[in-house]
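# Notes for the structure review
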Amino acid sequence: MNESARIYQILDSGSKKDKIRVLESLSQSSDQETVNKIISKLDDSEIEVRGEAFSSLFLNKNDISEFLIDALSSESNNIKGFSALVLANRGDSNAISVLELLTKDSSGMVRSCALGALGHLRAKKASKEIHNCIFDTNIEVKKSAAYATILIGEKFSDQEKKELKKYDDSDFEKILRN
């Protein structure tokens, strides 16, 4: 068995400890197949493995943006959401147009991550999508949209303020004080 096959076998069926050890060793890979395998671990059943995959991708100094942007169209909500956050933490503004699309995803978690990423990237051009999500049915999405609104340096409309004040929520109270 060659080295790549052994690594992939560990990532597919190894122990949590072995998966983490392998992910640590792959943090500078530029090989598409390997990076995609790391991305797939963002959906691992073990939270520690997901965290190590996130770290490995974030710390990777190679240009892996294309692979991460492709992952935003995954079937897995974890892969979509966490890839959005990795891209944001890497400061990758090439992902903004795809992140805008994810603000309409069927998963509240994915919408929330996309909004967090847009805010972190200070994506002023996504202003419309961010403001629209203040009226989302999911409270976490509303919070992410409200916080992103502040991060892009915009104010809330009276209608948006009214919407956020409906909730007796300390997070919204803090956000509205800005």
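For the structure, check the block above.
All values derive from a computational prediction rather than experimental measurement.

## Section: the nonpolar core
Ranked by size, the top nonpolar core spans 49 residues in total, and within it Ile39, Leu57, Leu68, Leu99, Leu118 and Ile130 carry the most contacts. Not counting the four nearest positions on each side in its chain, Leu57 is found in contact with Val35, Ile38, Ile39, Leu42, Ile64, Leu68, Val86 and Arg90.

## Comments concerning helix H10 (residues 139–151)
Here H10 is 13 residues long and its end C-alpha atoms lie 18 Å apart, about the 18 Å a rise of 1.5 Å per residue gives. Burial in H10 covers these residues: Val141, Lys142, Lys143, Ser144, Ala145, Ala146, Ala148, Thr149 and Leu151. Those residues of H10 that are buried are in contact with helix H8 (108–120), helix H9 (127–132), helix H11 (158–165) and helix H12 (170–177). Two residues or fewer after H10 comes Gly153, characterised by a positive phi angle close to 80 degrees.

## A short note on the packing of helix H1 (residues 3–13) against helix H2 (residues 16–25)
H2 packs onto H1 with a crossing angle of 135 degrees between their chain directions and a minimal axis gap of 8 Å. Classified by the angle between their axes, H1 and H2 sit oblique to one another. Regarding H1 and H2, the two cross each other, and that crossing is left-handed. Listed contacts from H2 to Ile7, Ile10, Leu11 and Asp12 of H1 are Asp18, Lys19, Arg21, Val22 and Leu23.

## Structural notes on the pattern of salt bridges
Between side chains of opposite charge, a pair can form as their charged atoms come close. Within the structure shown, the criterion is met by 13 salt bridges. Taking the shortest distance from any N to any O, the salt bridge between Asp12 and Lys37 comes out at 2.4 Å. You can see Asp12 sitting in helix H1 and its partner Lys37 sitting in helix H3 (residues 32–40), a full 25 residues away along the chain. Residue classification places Asp12 among the partly exposed residues on the basis of a relative accessible area of 46%. Residue Lys37 is classed as buried on the basis of its relative accessible area of 18%. Of the charged contacts in the structure, one is a salt bridge between Lys143 and Glu140, with a shortest N-O distance of 4.0 Å. Linking Lys143 with Glu140, this pair stays in helix H10, spanning three residues, or about one helical turn. Relative accessible area serves as the criterion here: at 13%, Lys143 is assigned to the buried category. Taken together, the shared-partner salt bridges in this structure form one network comprising Glu140, Lys143, Asp169 and Asp171.

Rules used in this analysis
Residues numbered from 1 in each chain as written. Predicted model: local features only at pLDDT ≥ 70, side-chain atom pairs only at ≥ 80, totals over all residues. Heavy atoms only, no water. Core = buried A, V, L, I, M, F, W, Y, C linked by side-chain atoms within 4.5 Å. Buried < 20%, exposed > 50% of the residue type's maximum accessible area, 1.4 Å probe, protein only. Contact = heavy atoms within 4.5 Å. Helix = DSSP H or I, 4+ residues; strand = E, 2+ residues; numbered from the N terminus. Expected span 1.5 Å × (residues − 1). Axes fitted to C-alpha atoms, helices over the stretch in contact; angles between N-to-C directions. Parallel < 35°, antiparallel > 145°, perpendicular 65-115°, else oblique. Left-handed = near helix turned anticlockwise from the far one by under 90°. Salt bridge = Lys/Arg side-chain N within 4 Å of Asp/Glu carboxyl O.

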